[in-house]
Amino acid sequence: ADHMAHRKRESWPGLVRPCLDDSLSTHLLFLVDQSRSMAIADEAANRSRWEAVIKDIDESTAARERLKDQVTLRWFAFGADAKEATTQQLPDQKPELPRSAIGDSLDSLLRQSASNRISGVVLMSDGANTAGISPLQVARRFKSAGIPIH
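All figures in this text were calculated on a predicted structure; none of them were measured in a lab.

About the thresholds
- Residues numbered from 1 in each chain as written.
- Predicted model: local features only at pLDDT ≥ 70, side-chain atom pairs only at ≥ 80, totals over all residues.
- Heavy atoms only, no water.
- Pairing = 2+ DSSP bridges.
- Helix = DSSP H or I, 4+ residues; strand = E, 2+ residues; numbered from the N terminus.
- Axes fitted to C-alpha atoms, helices over the stretch in contact; angles between N-to-C directions.
- Polar contact = N/O pair within 3.5 Å; in protein donor to acceptor, adjacent residues only side chain to side chain.
- 1 Å grid on protein atoms, 1.4 Å probe; cavity = no way out; pocket = protein on both sides within 12 Å on 5 of 7 lines; lining within 4 Å.
- Points joined across faces, edges and corners; volume = space filled by probe spheres on them.
- Salt bridge = Lys/Arg side-chain N within 4 Å of Asp/Glu carboxyl O.
- Buried < 20%, exposed > 50% of the residue type's maximum accessible area, 1.4 Å probe, protein only.

K.L.:
Account for the sheet that holds strand E3 (residues 82-85), with residues named and values stated.
P.N.:
Within the open sheet, the 4 strands sit side by side as E3-E2-E1-E4. Their pairing is mixed. Here the strands that pair on one side only, and so sit at the sheet edges, are E3 and strand E4 (117-124). Along the sheet, successive strands turn relative to each other by an average axial angle of 30 degrees, direction set aside. Pairing analysis gives 7 bridges linking strand E1 (residues 26-33) to strand E2 (residues 72-78), with the strands arranged parallel. Residue pairing across strands places histidine 27 opposite threonine 72, the latter belonging to E2.

And the structure:
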């Protein structure tokens, strides 16, 4: 019987072929605050917080290109919750949303990305949570799932 099992295993390699499955790739999520407080011009060269974020996104193009072979990059703008966007759309948007619900937006990211492996989240915000659930409460869920928030 062991001899037969060995023979069957020998025939498997012809039947088993590598398969690229997008569901196995990891996703790096970028969460960009689009609330009104991001319009405050208190950054270097009298830039608004929003302009500083957009500048950082523009200046990271080469780094993002290098990462594209390793992870799927996904971008989200948020106020009350996270809405998927592209790096091309973000510069045309304005920081005019009335709230900055960081906890709700992080929770929304988990729901929207439930079928994906998330390697991390890059939160681009002034850090002022003005609505919704506590960001610390949601961050604990990220931590228990092994997902870092930067």
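K.L.:
Any details on helix H5 (residues 135-144)? Residues and values, ideally.
P.N.:
Between the side-chain oxygen of the N-cap and the backbone nitrogen of leucine 136 there are 3.1 Å, and the N-cap of H5 in question is serine 134. At the C-terminal side of H5, glycine 146 shows a positive phi close to 75 degrees.

K.L.:
I'd love a proper account of the layout of surface pockets, names of residues and values included.
P.N.:
Space inside the largest pocket adds up to approximately 230 Å³. Surrounding the largest pocket, 14 residues form its lining, Arg64, Lys68, Leu73, Trp75 and Thr87 being those nearest its centre. Put simply, the parts of the chain that give the lining of the largest pocket at least two residues each are helix H3 (61-67), E2 and E3. Broken down by element, the residue count for the lining of the largest pocket peaks at 4 residues, all from E2.

K.L.:
Pulling in residues and values, what's your account of the pattern of salt bridges?
P.N.:
The tally for this structure, following the rule as stated, stands at 8 salt bridges. With a shortest N-O distance of 3.5 Å, lysine 68 and glutamate 65 are connected by a salt bridge. Judged by relative accessible area, which is 46%, glutamate 65 ranks as partly exposed.

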